[in-house]
Amino acid sequence: FEFKRDFFCVGFFVRDLMQSRVIKPEAKPVWYDVYQASPPKMDPLYVKPCSHRLRTKKETVPEIFYSEDEIRARFYEQYGTGPRVLDLSKPYFVSTCQRFVEKYEELRSKCELKESSLFEETGKALLAEGVILRKRGALPVPAESRNPVLELKLIDMLAEQQSVQET
């Protein structure tokens, strides 16, 4: 059906081009004589296919919260993302936050503590395992234990080095 309709439309188009003398009679297509001998009984009518838009229900996706989501939110609020970057190239990489959540769940199942004290105990348990958690905004090393050499400025160091080289 599609071929016939397209063929007849092209026939009308060629006929019109020949009448307006855009196509010369010598340059007419080979099939045009067949078209003239048996023209279509009625003019083809192109009807654009109608795409019925079905009324779709507006789907509401329920918000999904897990119990560990609250723990993660509190962890990131208190400790930030941590000192290490998430390494997604390793398939068995476990982030500090995930380790915290797992330890939290483990401690929750073992003992009956309040949420706030359980959070602190989880931090202490991870510290005992060697995971260092730094609170957000806290200095990595206390100011009293800093080495005074670190307080020197680069300009002072260069000046001192030049004076040593001159002598």
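Sequence positions are assigned chain by chain, starting from 1 and proceeding in written order. For a predicted model such as this one, the threshold for reporting local features is a pLDDT of at least 70, and the threshold for listing and counting side-chain atom pairs is 80 or more; totals across whole chains, interfaces and linings nevertheless cover every residue. Processing note: side-chain calculations cover all non-hydrogen atoms of the structure and skip hydrogens and water entirely.

As recorded by an unreviewed UniProt entry, the protein carries the name Small ribosomal subunit protein mS23 and is attributed to Salarias fasciatus. According to its UniProt record, the protein has this under Sequence similarities (unreviewed entry): "Belongs to the mitochondrion-specific ribosomal protein mS23 family." UniProt positions are given in the numbering used here, feature names are shortened, and annotations may be inferred rather than shown by experiment. Turning to the protein, the UniProt record has this under Subcellular location (unreviewed entry): "Mitochondrion".

Quick notes on the overall build of the protein
To qualify as a helix, a DSSP run of H or I must reach at least 4 residues; to qualify as a strand, a run of E must reach at least 2; elements of each kind are numbered from the N terminus. On a plain count of helices and strands, the protein comes out with 6 helices and 0 strands. Taken from N to C terminus, the helices and strands of the protein fall in the order α-α-α-α-α-α. Whether a residue is buried, partly exposed or exposed follows from its accessible area with a 1.4 Å probe, protein chains only, as a fraction of its type maximum: under 20%, in between, or over 50%, in that order. For the protein, buried positions account for 16% of its 167 residues. Whether two residues are in contact is decided by their heavy atoms: any pair within 4.5 Å suffices. If you take every contact in the protein between residues at least 6 apart in sequence, the share linking residues at least 24 apart comes to 53%. Working definition of accessibility: Shrake-Rupley area with a 1.4 Å probe, residue cover restricted to the visible protein chains. Carbon and sulfur atoms form 58% of the exposed surface of the protein, whose accessible area is close to 15,000 Å².

Structural notes on the pattern of salt bridges
Pairs can form between side chains of opposite charge once their charged atoms are near each other. Throughout this description, the term salt bridge denotes a Lys or Arg side-chain nitrogen within 4 Å of a carboxyl oxygen of Asp or Glu. Inspection of the entire model under this criterion finds 8 salt bridges. Between R108 and E105 there is a salt bridge whose closest N-O contact spans 3.8 Å. Of this pair, R108 and E105 both sit in helix 4 (residues 96-110), 3 residues apart, which is roughly one turn of the helix. The class for R108 is partly exposed, based on a relative accessible area of 33%. A relative accessible area of 27% means that E105 is categorised as partly exposed.

Observations concerning helix 5 (residues 115-129)
How far a helix is expected to stretch is found by multiplying one less than its residue total by 1.5 Å. Taking 1.5 Å per residue as the helical rise, helix 5 with its 15 residues ought to reach 21 Å, and the 21 Å between its terminal C-alpha atoms agrees with that figure. Where helix 5 is buried, its residues meet helix 3 (67-79) and helix 4. Taken from the residues just after helix 5, G130 is the one with a positive phi, measuring 105 degrees.

Observations concerning the side chain of Q78
Here Q78 is to be found in helix 3. When sequence neighbours within four positions are dropped, the list of residues in contact with Q78 reads F119, E120, K135 and R136.

Brief notes about the packing of helix 4 against helix 5
Helix axes are fitted to C-alpha atoms over the stretch in contact, other axes to C-alpha atoms as well, and angles between N-to-C directions run from 0 to 180 degrees. Taken N-terminus to C-terminus, the directions of helix 4 and helix 5 make an angle of 120 degrees; their axes are 9 Å apart at the nearest point. In terms of orientation, helix 4 and helix 5 fall into the oblique class. Crossing of helix 4 over helix 5 shows right-handed handedness. Every residue of helix 5 that contacts helix 4 at R99, F100, K103, Y104, L107 and R108 is listed here: E115, L118, F119, E121, T122, G123, A125, L126 and E129. In this classification, Asp, Glu, Lys and Arg are treated as charged, Ala, Val, Leu, Ile, Met, Phe, Trp, Tyr, Cys and Pro as nonpolar, and every other residue, Gly included, as polar. Along the lines of polarity and charge, the residues of the contact of helix 4 with helix 5 split into 7 nonpolar, 2 polar and 6 charged. Convention used here: angles under 35 degrees read as roughly parallel, angles over 145 as roughly antiparallel, angles from 65 to 115 as roughly perpendicular, and any remaining angle as oblique. Left-handed describes a crossing whose near helix is turned anticlockwise from the far helix through less than a right angle; right-handed describes the clockwise counterpart.

Concerning the environment of A73
Turning to its location among the elements, A73 is positioned in helix 3. In this structure A73 comes out as partly exposed when scored by relative accessible area, which is 47%. Distance from A73 to C97, taken between C-alpha atoms, is 9.6 Å for residues 24 residues apart in sequence.

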